[in-house]
Amino acid sequence: MLAPCFHPLPAEGALHSQGERLGNRVLDLLNHSDVRTKMMTRSRIVSQIRNFFEDRGFVEVETPLLGVGCGEGTARPFLTHHHAYNKALSLRIAPEIALKMAAVGGFERVFEIGRVFRNEGVDATHHPEFTSCEAYQAFASREDMI
């Protein structure tokens, strides 16, 4: 993609504060090669996880991000309203129930690598939006899954 640049780019490493870096992700990526390296490493890891499950006969499924109630665990969900259906919905906090329903519905080995959302505290180790990986196998013990 070619496009004119109307503002000069800051020098490499010029964005120092966390607020500046998070506020302008494009400049952060352009000015910090370590961020690009981390993104490439993450991409390769996710690809290897996907290959691991597929090589063992698991089927990757995509489950809904929006649902009625959260249903799983004690984490607080993000709530929203669907105007067309006039219904309160929440962003999922885990794909567990939908994956188990797929297993009961005939997919004996399922997995999902997907985004989940938890409306809770934020610190260096907790973020409200993150990627999880869950897998379920019908007729398998805990030892089979390990």
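The coordinates are above.
Residues numbered from 1 in each chain as written. Predicted model: local features only at pLDDT ≥ 70, side-chain atom pairs only at ≥ 80, totals over all residues. Heavy atoms only, no water.

(A) Region of the structure containing unusual backbone geometry. The phi dihedral of Asn-86 falls on the positive side, at around 50°, and the residue is not glycine. By relative accessible area, Asn-86 is classed as exposed at 61%. Phi at Phe-139 takes a positive value of approximately 60°, unusual for a residue other than glycine. On the secondary structure map, Phe-139 appears in the loop between strand E6 (129–137) and helix H5 (142–145). (Buried < 20%, exposed > 50% of the residue type's maximum accessible area, 1.4 Å probe, protein only. Helix = DSSP H or I, 4+ residues; strand = E, 2+ residues; numbered from the N terminus.)

(B) Looking closely at the nonpolar core. With six residues, the main nonpolar core is built from Val-46, Phe-53, Phe-58, Phe-111, Ile-113 and Ala-135. Mapped onto this core, the elements with two or more residues apiece are helix H3 (33–55) and strand E5 (109–117). Once you skip the residues sitting within four places of it in the chain, Phe-53 turns out to touch Phe-58, Phe-111, Cys-133 and Ala-135. (Core = buried A, V, L, I, M, F, W, Y, C linked by side-chain atoms within 4.5 Å. Contact = heavy atoms within 4.5 Å.)

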